[in-house]
Every structure is written in structure tokens, then in C-alpha cells.
Amino acid sequence: MNADRLPPVAPEVTATLVEGLSPRLRKRLDAAVTKLAARPVHRDGDTTTIEVDDETELRLHAPGGVVAQVEAITCGCLLAPACVHRAAAACSAPTADLAPEPAEQPTPEAAGPASATDPAPVAASASATHRTSVGASATAMVPASATHRASGTDPAPGPGPAPAPGLTPDAAPAPPETATPDQRAAADALWTAGAAVLEAGVDGAGAVAQSVLLRAAHTARLRHLPRAAGAALSVVTLLRAARAGDPSYRTAELVTALAELLGTARRVATASGTELAAVRGRVRRPYSPDGSLRLYGLFTEPVVTDSGHGGVRTWVAGADGRLFTVGDVAPGGVGRALGVADRAVRLGDSALTHRELGRAGLAVSGATVSPDGRLGAGKSVKAVTARGAAWTEPPLAALWETPPAEQAARALRSTSRYADPDGTGSDLLFLDVELLGAVREPGGTCLLALGEGGVPVRLTAADDDPALAHRDNLALLAAAPGTRLRIIGRLIPAAHPRLTLLACSHPTGEGTIDLGLDRLRRADLPDPAAPAHFAPPQPAGPGAQSPLYLLERRVEQTVPAGRAALGMLGDVTAETRRIRRGGLPTAAGLLTALCASAAQRERDHFGRLLPADTDGFAAYWLAAARYSAAVSESLCSAAWNPTGEVQGVSGGQPAAAARPAV
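### A short note on the overall build of the protein
Scanning the protein from terminus to terminus reveals 21 helices and 16 strands. Put simply, the protein shows about 30600 Å² of open surface, and 55% of that area lies on carbon and sulfur atoms.

Take a look at the structure:
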């Protein structure tokens, strides 16, 4: 049974069904999930039927596409409704995206016609980028008294500062908002559930542990903590993918999701004011009026998600260089992505298709824009077709004039795994390169190009699906060494300059190519008969010899195997000595503390083992994960700079500490 054939189930439904099982049935739940996965599934309208056996059927009723009530899952076996089948079906189905939280009263600053919201909730998916600031994470893990000292406030009761001249005590500024007791309790439940997953590892985090996370996520949503709730749902989705052997699963993604969950849950108790707003997150995407815009098309990229959605995203630039997107993504996969490219853009009265908009222009009045640059398509938006601009003409040419190192630093701020999601910035880079040929790597083959300042850049396919043109176009470009191109790519954080190639100027110099949609031909290359050229090995970047991987390896090793596996490592003195020689003493200290916490088990007076300190181990693991991410981003920034200097990317992480000693 393919889980994608089942309708999504609301988190609270799954949690309620699992909580209602007897202890004996809970022990059998994981086996029931595995057994149910092999049974045939039939869908008829809003009802999905699973054949448990020759005489028993299990039905999931999903009016509106989502199973939102416990009673919507019924079973025909003799033990129903107290059987294990209903809970197993809920655990086998995808987790429904979070419903919008109850609308809150707008503040005076947000009230009025200047604010608008997108009615569609932000989906919480495993492939989404979960970001939390490293500096704030470190603050969240120090004692409360230290936090108050660092912020200049005193937690002890006493007289406050004297009011400013001309102000009465009643008119003094109100203290910054802090989390409510209910929010702190919800955050504590998320922390406990996440720490339990880290303790058990993927193999031990079965359906019961997942249901605890789902219950905590549901409570967090009701307490207006959508960011932490979304992180919990991502952890559950990735746990299920890992346990099912999904080939698209990556341990690094689960590391990021777990660190986001734990870090956000920990920060709720200490955050206040604007930081608290970022920690809480938001379900709805706000759109703000932006007046009249003159837009110039850049390119169109296909979008295919792991959840089965497909569509396109067209990138345009304003006269001032700001980047905007117009998207059309819905359930349908790669087939829909190819079809939507030739459909009209949903923006005003424009008759342009997405492909055409990527090379033309728009004049928009009454525009609404989200913080991440998405253009709204409300009834008040008017748009008409206008002349576009070539990549070599203003205003688009200015995008390629920014030094690559500055572009990479900006993209890192946008893609940083644990940065607060302010929604600003872009992860796109605009470069002029000379193609060198293909380069063999452990994971396959990529295209090597030489960028500004002699920096070698590896270019990879954005999607390996053969229905899309990415892979074939990359192979053809590898057969044209010496060709100079103007390219647009998406940054891949790595210890060497690396991009996914999205669009490029045509090799003949006329027009542009959307590399996911348009297919190059051999006749388009300068020498159509040339075979694929393999470039010689290139010197390693500034971060290639960094021993940081020794810490990253232990952080990742914990997730599939749990705390016990890390506790059996024994002496790690050799690893920490090598890390210190590489100029990363903080990483060495974190590795020592992490392994010591994993191995620590105390006994009572009778010699019996006491429960492990899961909270302490989770705190050490979180610090190691956040530190590793910050140093990796600094090394990536240094790799893009010909001088090897680190551009600030993580907000508070010292650049000198991030560079390995030479």
C-alpha cells in the first residue's frame, strides 16, 4: 500500500486513536502498520477502503480531502472500534497540514487596508526549510539569570528605572510581551517528545512515539505556536519516511527538523517582544500593498515536491532590482509542472503564460507582495503585458554586477537552516562563467565552471526526473568546454562553491534557456560533434580540509541509532585532538560533552540503572547541531570569496572561529 494513496489524517485524530489503545495493542501497533502497508487500497470519492483481510474492510472518510474526525475511520473487524487497525491506518496515512489557527485581533499597527493575508495556510512539509537563529539558540540554553544579565534586565523584584523626563509612571513603556503559561507548557511537551525521539533514534521512534509528537503539535497549534507545531509534523513525516525505507529520505533533513523542533521549543520560555513573534511563527502568509510595479521576466522553473505537488514558479525583477515570484503549484506531480508552464499567469488581466512571462514584462497596479516576494493575485490587482528586458540590459544586467561573494552571503542568510524566518532575501545567484567540463563526484557527475576571480563553481541538476530537461541539458553543456554563459543558479551550502543550475543564456548568445523546461540540442552548441569533456581535478576550497565533519558525523549518527549507540563509542580523544589542531576548539569541546552525556548512566543504592538524562543529552546534541551548521555556513561563505574571507551569514557566529587553521 502506498501511503500517498491514503487521504491525509489530522494530527489530533492519529494521536487520539493511538492513545485509546490498550498497552497490549500499542506493542503491536508498529507490526500492524507494516502489515497494513501490504494490503490493497481502493478509493471511491471521499471514501478510501483498505482490505484488512478477505472478510474485513477498513474505511477512511475524508470529506474535503482530509480525515478530520476520529469517527471518520471505521473498521469491520469484531474488536472495532477498539481494534488496532484504525490506529494503524491513521499512522500509515500522510499527516494533514496544520489548519489555520483561530484568527487573533489585529494590533492597531496592523489594522486597516494596509494589511492583507493569503487565505491559504503555509504547509508544514518535510522538504520545507526550517530555520532558527544559532545565536538565539545558544541564549535559550543558558540559565535564566545569565539571559537577564546579557539583556540588561534584572529578574529580581525591585524598583524599576526612573521614567524619562516628561513621562509619568503610568505612561512608562510596557514591558515586552512574553509567552503565556499555556504556551510554555506546550513548548515543554514538544521538547520532551523531541528529546524522546532523539533518545530512541529512528528505529525506536515507532507509531507510539510519533503519536506523542502529533498530540504535542496539535496542542502547540491551539496555543498559537505554529512554527514549533510545523517542525514537529516535519519530524513525524521524516520518521515515517526513514522507517519505510523511502529512497528520498536523507538523515541530514531529519537532523535539521529535530534541531528546529528542539531549538524553537526551548526558546519559547525565554523569548520576548519581536523575538517571541519569530519563535511563535505564523500560519497565514501576510501580503502587503506595494503600489505599482514594473516587472521584467527572468526565467521559469518547474516545481515538483515529495508530497506529489507540481507546478511552476516564474521569477521576475522590479526596476529597483527586487526579485518577485509568480507561482502555480497544486497536486499533480511532474506532469502538472510541464503542463502549467504553458498556462496563463494568474495575475490581473495578463494573458501571458509562465514561459512567456519569463522573457517578457508586466506593468502591475495595486500589487500585493508577501515578505518572501510572492505576488498576490487578489481582485484589486491589475496587470498588463509590457516589454521585457534582456539579461544584458538594464535593469536586469545589474543583478550580475554584484560580486559573487556578496551574493553568496545574501543567499546564505536566506537559506540558513536555523535563521528566524523573516521571509526576506533570495537564494539565487547571478554569475558569468566559463564552462570547463564535467567532474566526477561520489554522488554522480556535475558540471564545472570558472567564475569571477577564478573561483571554480560546481553546477548540478535541480531535478533528476527524466521528464524534466535539467539532466539532459547539463550533459550537453558538459560537451561545450570554453563556452561563456550568463547563468542563474540556486545556492547549495557546501565547503566549495556549488549551485543548482536553473537558467542560462543560450550558447549561441541569442535568448535564454529555462533549463528545466527548454531542451537544448547538439546543434545549439558551438561544436555539436564534441564529446563530453571531463575537467581536471580542481584544488580543494578553504573548508575542504576542515575536521568539522568529525562532529557532524556524530550528530547525524545519533538520529538513526539513538543515544545508546553514541554512548558506546568509548574514547574520542583522537578525534577531539584532530579537531583542535584544525582550529575548532569549541567543536572539540562539544564532541567531548556530547559523547560523555550519551555514555552517562547513574545507578541507585541497589546498583540498578537510573533513567537516562534525556533532557541533558538533547541540550548537548542541539548545541552541537547548531554549531556545526553555523561553521558550515561560514566555510561556504569563505569558499565563494577569492581572498578566503568569511562574510557574516549566521548572525553572531564569529567568523574567525569558523575558519580552520592553516
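### Some details on the sheet that holds strand 2 (residues 47-51)
Taken in spatial order, the four strands line up as 1-2-3-4 in an open sheet, and their pairing is antiparallel. Strand pairing shows two members of the sheet lacking a second neighbour, strand 1 (41-44) and strand 4 (73-75), which therefore form its edges. Going from strand to strand, the sheet's axes swing by 20° on average, the running direction of each strand aside. Where strand 2 and strand 3 (residues 57-61) come together, five bridges link them in antiparallel fashion. What sits directly across from E51, in strand 3, is E57. Relative to the sheet, helix 4 (residues 84-92) contacts strand 2, strand 3 and strand 4, its axis offset from that of strand 4 by approximately 140°.

### Observations concerning the packing of helix 1 (residues 11-19) against helix 4
Following both chains from N to C, one finds helix 1 and helix 4 inclined at 145°, their axes separated by 9 Å at the closest point. Taken as a pair, helix 1 and helix 4 cross one another with a handedness that is left-handed. Between helix 1 and helix 4, the residues in contact are T14, L17 and V18 and R86, A87, A90 and C91, respectively. For the contact of helix 1 with helix 4, the residue count by class is five nonpolar, one polar and one charged.

### Re the confidence of the model for the protein
Caution applies to low-pLDDT parts of the model: their predicted coordinates are not meant to be read in detail. Looking at the protein, pLDDT values average 82 and 82% of them are 70 or higher. Segment residues 648-662 is flagged for pLDDT under 50; beyond a separation of four residues in sequence, or across chains, it makes 34 contacts in the model.

### A word on the pairing of strand 7 (residues 309-318)
Across the ten residues that make up strand 7, a large majority, eight, are buried. Connecting the antiparallel pair strand 7 and strand 8 (residues 323-331) is a turn made up of four residues, with G321 showing a positive phi of about 95°.

### Quick word on the pattern of salt bridges
The full count for this structure, using the stated rule, is 28 salt bridges. Note that E177 is salt-bridged to R280, the shortest N-O span being 3.1 Å. Of this pair, E177 sits in the loop between helix 6 (144-151) and helix 7 (181-204) while R280 sits in helix 11 (residues 273-280); the two residues are 103 residues apart in sequence, bridging distant segments of the chain. Using a relative accessible area of 47% as the deciding quantity, one classes E177 as partly exposed. Measuring nitrogen to oxygen at the nearest pair gives 2.9 Å for the salt bridge that ties E301 to R490. Here the residue E301 occupies a position in strand 6 (residues 284-304), and R490 occupies one in strand 14 (residues 484-491), the gap between them amounting to 189 residues. Given a relative accessible area of 6%, E301 falls into the buried group.

### Overview of the nonpolar core
Judged by nonpolar contacts, the single largest core of 70 residues is most densely connected at L254, V559 and W621. If you list the elements that add at least two residues to this core, you get helix 7, helix 8 (207-222), helix 9 (226-243), helix 10 (251-267), helix 11, helix 16 (549-561), helix 19 (585-599) and helix 20 (614-640). The greatest single-element share of this core, amounting to twelve residues, is contributed by helix 20. Filtering out sequence-adjacent residues up to four positions away, V559 remains in contact with L198, G201, V202, Y249, T251, L254, V255, L258 and W621. If you look at the next biggest cluster of nonpolar residues, it comprises 32 residues, including V13, L21, I73 and C91.

### Quick notes on helix 16
The end-to-end C-alpha separation of helix 16 is 18 Å, in line with the 18 Å expected for 13 residues at 1.5 Å each. Taken together, the buried positions of helix 16 are L550, L551, R554, V555, T558 and V559. At the C-terminal side of helix 16, G562 shows a positive phi close to 90°.

### So, helix 4
In terms of residue burial, helix 4 counts as a mostly covered element, since eight of its nine residues are buried. When we look at burial in helix 4, the residues that qualify are V84, R86, A87, A88, A89, A90, C91 and S92.

### Structural notes on the packing of aromatic side chains
Two measures describe an aromatic ring pair: the distance that separates the ring centres and the angle between the ring planes. Considering all chains together, one arrives at three aromatic pairs under this definition. Measuring from ring centre to ring centre gives 5.1 Å for W400 and F430, while their planes differ by 75°; the resulting arrangement is edge-to-face. Pair noted here: W400 is in the loop between strand 10 (382-386) and helix 14 (404-415) and F430 is in strand 11 (residues 428-441), with a separation of 30 residues, a long-range link. For the residue pair W400 and F430, the accessibility class agrees, reading buried in each case. Three or more aromatic residues joined by ring pairs form one cluster here, namely W391, W400 and F430. Residue placement shows R266 over the ring face of W191; its charged tip is 3.9 Å from the ring centre.

Thresholds applied
Residues numbered from 1 in each chain as written. Predicted model: local features only at pLDDT ≥ 70, side-chain atom pairs only at ≥ 80, totals over all residues. Heavy atoms only, no water. Helix = DSSP H or I, 4+ residues; strand = E, 2+ residues; numbered from the N terminus. Areas by Shrake-Rupley, 256 points an atom, 1.4 Å probe, with all protein chains shown as cover. Pairing = 2+ DSSP bridges. Axes fitted to C-alpha atoms, helices over the stretch in contact; angles between N-to-C directions. Contact = heavy atoms within 4.5 Å. Left-handed = near helix turned anticlockwise from the far one by under 90°. Nonpolar A, V, L, I, M, F, W, Y, C, P; charged D, E, K, R; others polar. pLDDT = per-residue confidence, 0-100. Buried < 20%, exposed > 50% of the residue type's maximum accessible area, 1.4 Å probe, protein only. Salt bridge = Lys/Arg side-chain N within 4 Å of Asp/Glu carboxyl O. Core = buried A, V, L, I, M, F, W, Y, C linked by side-chain atoms within 4.5 Å. Expected span 1.5 Å × (residues − 1). Phe/Tyr/Trp six-rings, centres within 6.5 Å; stacked < 30°, edge-to-face > 60°. Lys NZ or Arg CZ within 6 Å of the ring centre and 35° of its normal.

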